[in-house]
Amino acid sequence: MDAEAQESFREFVANRSSALLKTAVLLSGGDRHAGEDLLQNALIKAAGRWHRIDEPEAYVRQVLYRQQVSRWRLKWPRRELSVAEPPETGTDPDASGAAELRLVMRGALARLTARQRTVLVLRYFEDLPEGDVARILGCSVGTVRSATHRSLARLRALAPELATLGPAAAEQRPSPDYSPVEVRQ
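Given the structure is predicted, the values throughout are model-derived calculations rather than measurements.

Draft legend 1. Highlighting the packing of helix H5 (residues 114-125) against helix H6 (residues 130-137). Two elements in contact, H5 and H6, have axes separated by 9 Å at closest approach and are oriented at 140°. If you check the angle between H5 and H6, you find them oblique. Regarding H5 and H6, the two cross each other, and that crossing is right-handed. Of the residues in H6, those in contact with Thr118, Val119, Leu122 and Arg123 of H5 are Glu130, Val133, Ile136 and Leu137. Within the contact of H5 with H6, the residues separate by chemical class into five nonpolar, one polar and two charged.

Draft legend 2. Focus on H6. Within H6, the full set of buried residues consists of Val133, Ala134, Ile136 and Leu137. The buried residues of H6 occupy one face: seen down the axis, they fall within an arc of 165°. Looking one or two residues beyond H6, the residue adopting positive phi is Gly138, at roughly 70°.

Draft legend 3. Region of the structure containing the pattern of salt bridges. Tallying each qualifying case throughout the model produces five salt bridges. For Arg61, the salt bridge is made with Glu57, and the minimal N-O distance between the two is 2.9 Å. Of this pair, Arg61 and Glu57 both sit in helix H3 (residues 56-72), separated by four residues, roughly a single helical turn. In this structure, the salt-bridge partner of Arg145 is Glu130, at a minimum N-O distance of 2.8 Å. Of this pair, Arg145 sits in helix H7 (residues 141-158) while Glu130 is found in helix H6, placing the two residues 15 residues apart along the sequence.

Draft legend 4. Highlighting the packing of aromatic side chains. This model, assessed by the stated rule, comprises two aromatic pairs. Centre to centre, the rings of Phe9 and Trp50 are 5.0 Å apart; their planes meet at 80°, and the pair counts as edge-to-face. Note that Phe9 is positioned in helix H1 (residues 3-27) and Trp50 in the loop between helix H2 (32-48) and H3, a separation of 41 residues in sequence. For Phe9, a relative accessible area of 15% puts it in the buried group.

Draft legend 5. Just the nonpolar core, in detail. Judged by nonpolar contacts, the single largest core of 43 residues is most densely connected at Leu39, Val60, Leu64, Leu122, Leu137, Leu155 and Leu162. Elements with a contribution of two residues or more to this core: H1, H2, H3, helix H4 (93-111), H5, H6 and H7. Of all the elements, H1 adds the most residues to this core, at nine residues. In terms of domain composition, this core takes at least three residues from each of domain 1 (1-76) and domain 2 (96-170). Ignoring any residue separated from it by four or fewer positions in sequence, one finds Leu39 in contact with Ser17, Leu20, Leu21, Ala24, Val60 and Leu64.

The rules behind each value
Residues numbered from 1 in each chain as written. Predicted model: local features only at pLDDT ≥ 70, side-chain atom pairs only at ≥ 80, totals over all residues. Heavy atoms only, no water. Axes fitted to C-alpha atoms, helices over the stretch in contact; angles between N-to-C directions. Helix = DSSP H or I, 4+ residues; strand = E, 2+ residues; numbered from the N terminus. Parallel < 35°, antiparallel > 145°, perpendicular 65-115°, else oblique. Left-handed = near helix turned anticlockwise from the far one by under 90°. Contact = heavy atoms within 4.5 Å. Nonpolar A, V, L, I, M, F, W, Y, C, P; charged D, E, K, R; others polar. Buried < 20%, exposed > 50% of the residue type's maximum accessible area, 1.4 Å probe, protein only. Arc of directions from axis to C-beta. Salt bridge = Lys/Arg side-chain N within 4 Å of Asp/Glu carboxyl O. Phe/Tyr/Trp six-rings, centres within 6.5 Å; stacked < 30°, edge-to-face > 60°. Core = buried A, V, L, I, M, F, W, Y, C linked by side-chain atoms within 4.5 Å. Domains from an automatic or database assignment.

Structure (C-alpha cells):
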C-alpha cells in the first residue's frame, strides 16, 4: 500500500470506525470485545484490498455481516456467557429509564441466536430492505421474512416489557449503541 492509500485508509478508520463498531457490537450480541474483534478482522481484510475498493464503508459492512454469518455456521458455536444484572444506579428517572431500556434490549439480543440477532440488526438497526438482507445472508427473501418474524417473536418472549413501552419511550432512543428494535403487536 502506497503512502496515499495508507493515509486514505487511516482517515476512513478515524471517521467511520465508531459507527462500524456499533454495528459490530450489535451483531456480536452486545459483547463489545467480540464486536471489536469482528471489526478489526474486517478492517484487516479491507486494508489488504484498499486500492481496489470503490465504496469502503459498504465493503467493510459486508465483511462484518459475512464474518458474523460464518461464526454462526461453525460446527461448534461459541457459547455466550451470562452475566448478573448490573446494580441499580442513578436517581434520574428519565436517564435510568433509557439505561434500563438499553440493558433490557442488550440482554434480549444476547439471548437470541446469532442468526436471529443478525437478521434483526440488518433489518432494523441498519434499516436494510429484505432483498438486501437476503443478498447479504445468501438466502431467499422469504427466508428473511420468516427469520425476522421468528426473531421478533423470540425477542418479545425474552423481553415482554418492550411491548409495554409507549411512543414517548420509543422516541427517547438513548444512543445508537443499542437502539431498541420496534416491537410490533
